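In case you want the letters, here they are:
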Amino acid sequence: MTGTPVPRILVFDSGIGGLSIAASIHQSLPGAELVYLADNAGFPYGEQPEAVVMDRCTALVMDTLARVPCDIIVIACNTASTVVLPRLRAMTRVPVVGVVPAVKPAAAITRNQRIGVLATPATVRRPYLDELIQEFASHCQVARIGHPGLVQWVENSVGGAPVPRNELAQAVAGFRTAGVDTVVLGCTHYPLLLAPLKEVLPEVSFWVDSGAAIARRTAFLLEQQGKAAGERALPGAAVRMALFSGPAPRALAGFMTGLGLQPARVLGHWPASFLATEAGSA
């Protein structure tokens, strides 16, 4: 906990996908301070063994909390959320929020009971997705697509690389065949692909992600602590620090600013860069 009147929220992902969640939180809670933490040295988590994801995520989050105290931790990564939440909650008193694919709201909004779930290959294979569909969408036909390229296309877009429209159209063609009217964006990277997705699937009526639900849960937990964020935006940058375990992506500051998340500081090779800064100022 920070012990300061301005609430501070740590948002964690393996790459830049968690910025979609950070943007939703900032839109709902402009009076909160954000810290963004990405383990891009371990990216992509979907290709890592669960034990590696658990160890890397918990180590980075706990190390960052020791240096930059926060009031809420948001694990804005579907893969990490499926494996790390119990262990992380046992390690800290700071409330931890995880993400799951938004199957429940999709099942409630679809008109033709045909839903698509767009996720990473790892998420598509996980039993917890089967459980979500069985619990909330058993009355629906559910088509799943887990494509290995989409996450990397989003990461590349930070530096200005265009999303390959023809390849994207081929990747999601199964949804057109299935006749879905609603698509769940089951990876936090995918809201950052929403514009090109709408271009290649204009027949889809509803695109559903977890951002708004995570923002509501975060607001509730802050209120429980007596640290409700003000409705007025804080002066200066929206994100106090953007921290990356590997090199910070080129052109990141401009990309974040385009999402309404202007960062005050961007540091790569975290936490070594912080230690070097501290040593230099000593």
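Residues numbered from 1 in each chain as written. Predicted model: local features only at pLDDT ≥ 70, side-chain atom pairs only at ≥ 80, totals over all residues. Heavy atoms only, no water.

A. Main features of the layout of surface pockets. Its boundaries defined by the atoms lining it, the largest pocket holds a volume of some 400 Å³. If you trace the largest pocket, you find 22 residues lining it, with Val100, Pro101, Ala102, Ser210 and Ala213 closest to the centre. Secondary-structure elements contributing two or more residues to the lining of the largest pocket are helix H3 (78-91), helix H4 (103-109), helix H6 (127-136) and helix H11 (211-224). Looking at the lining of the largest pocket, its residues break down into 14 nonpolar, four polar and four charged. Roughly 340 Å³ of internal volume is contained in the second largest pocket. Lining the second largest pocket are 22 residues, and of these Pro44, Gly46, Thr120, Pro121 and Val151 sit closest to its centre. Elements that contribute at least two residues to the lining of the second largest pocket include exactly H3, helix H5 (121-125) and helix H7 (150-157). It is H5 that contributes the most residues to the lining of the second largest pocket, three residues altogether. Within the lining of the second largest pocket, the residues separate by chemical class into 10 nonpolar, nine polar and three charged. (1 Å grid on protein atoms, 1.4 Å probe; cavity = no way out; pocket = protein on both sides within 12 Å on 5 of 7 lines; lining within 4 Å. Points joined across faces, edges and corners; volume = space filled by probe spheres on them. Helix = DSSP H or I, 4+ residues; strand = E, 2+ residues; numbered from the N terminus. Nonpolar A, V, L, I, M, F, W, Y, C, P; charged D, E, K, R; others polar.)

B. Local environment of the pairing of strand S1 (residues 8-13). Summarising burial for S1: six of the six residues are buried, a large majority. Residues Arg8, Leu10 and Phe12 point to one face of S1 and Ile9, Val11 and Asp13 to the other, with burial holding for every one of them. The pairing of S1 with strand S2 (residues 33-38) spans six bridges and is classified as parallel. Residue Arg8 lies in a different strand from S2, and its bridge partner there is Glu33. A crossover links S1 with its parallel partner S2, the connecting element being helix H1 (residues 18-28), and its sense is right-handed. Relative to strand S3 (residues 72-75), S1 runs parallel, the two being bridged by four bridges. Within S3, the position partnered with Leu10 by the bridge is Ile73. (Buried < 20%, exposed > 50% of the residue type's maximum accessible area, 1.4 Å probe, protein only. Pairing = 2+ DSSP bridges. Right-handed = clockwise from strand over helix to strand, strands pointing away.)

C. Region of interest: empty space enclosed by the protein. Applying the stated rule across the entire model yields one cavity of 30 Å³ or more. Here the largest cavity is characterised by a volume of approximately 50 Å³. Lining the largest cavity we find 13 residues, and of these Leu185, Cys187, Thr188, Asp209 and Ser210 sit closest to its centre. The residue inventory of the lining of the largest cavity, partitioned by class, reads seven nonpolar, five polar and one charged.

D. Seen up close, the pattern of salt bridges. Overall, the coordinates contain 10 salt bridges when judged by the stated rule. Across the pair Asp63 and Arg67 runs a salt bridge whose closest N-O atoms are separated by 2.6 Å. Linking Asp63 with Arg67, this pair stays in helix H2 (residues 50-67), spanning four residues, or about one helical turn. Shared partners join several salt bridges into a network, and the residues in it are Arg8, Glu33 and Arg240. (Salt bridge = Lys/Arg side-chain N within 4 Å of Asp/Glu carboxyl O.)

E. Local environment of the nonpolar core. Membership of the largest hydrophobic core comes to 57 residues, with the highest contact counts inside it found for Ile9, Ile25, Val74, Leu118 and Phe175. Not counting the four nearest positions on each side in its chain, Val74 is found in contact with Ile9, Leu10, Val11, Phe12, Ile21, Ile25, Val97, Ile214 and Thr218. Leu37, Cys57, Val61 and Leu88 belong to the second largest nonpolar core, which has 26 residues in total. (Core = buried A, V, L, I, M, F, W, Y, C linked by side-chain atoms within 4.5 Å. Contact = heavy atoms within 4.5 Å.)

F. Seen up close, the packing of H1 against H11. The N-to-C vectors of H1 and H11 enclose an angle of 55°; their axes lie 8 Å apart at closest approach. Taken together, H1 and H11 sit at an angle that is classed as oblique. H1 and H11 meet at a crossing whose hand is right-handed. In contact with Ile21, Ser24, Ile25 and Ser28 of H1, H11 contributes Gly211, Ala212, Ile214, Ala215 and Thr218. Of the residues in the contact of H1 with H11, the class split is five nonpolar, four polar and no charged. (Axes fitted to C-alpha atoms, helices over the stretch in contact; angles between N-to-C directions. Parallel < 35°, antiparallel > 145°, perpendicular 65-115°, else oblique. Left-handed = near helix turned anticlockwise from the far one by under 90°.)

In short, shape yes, function no, at least from these values alone.
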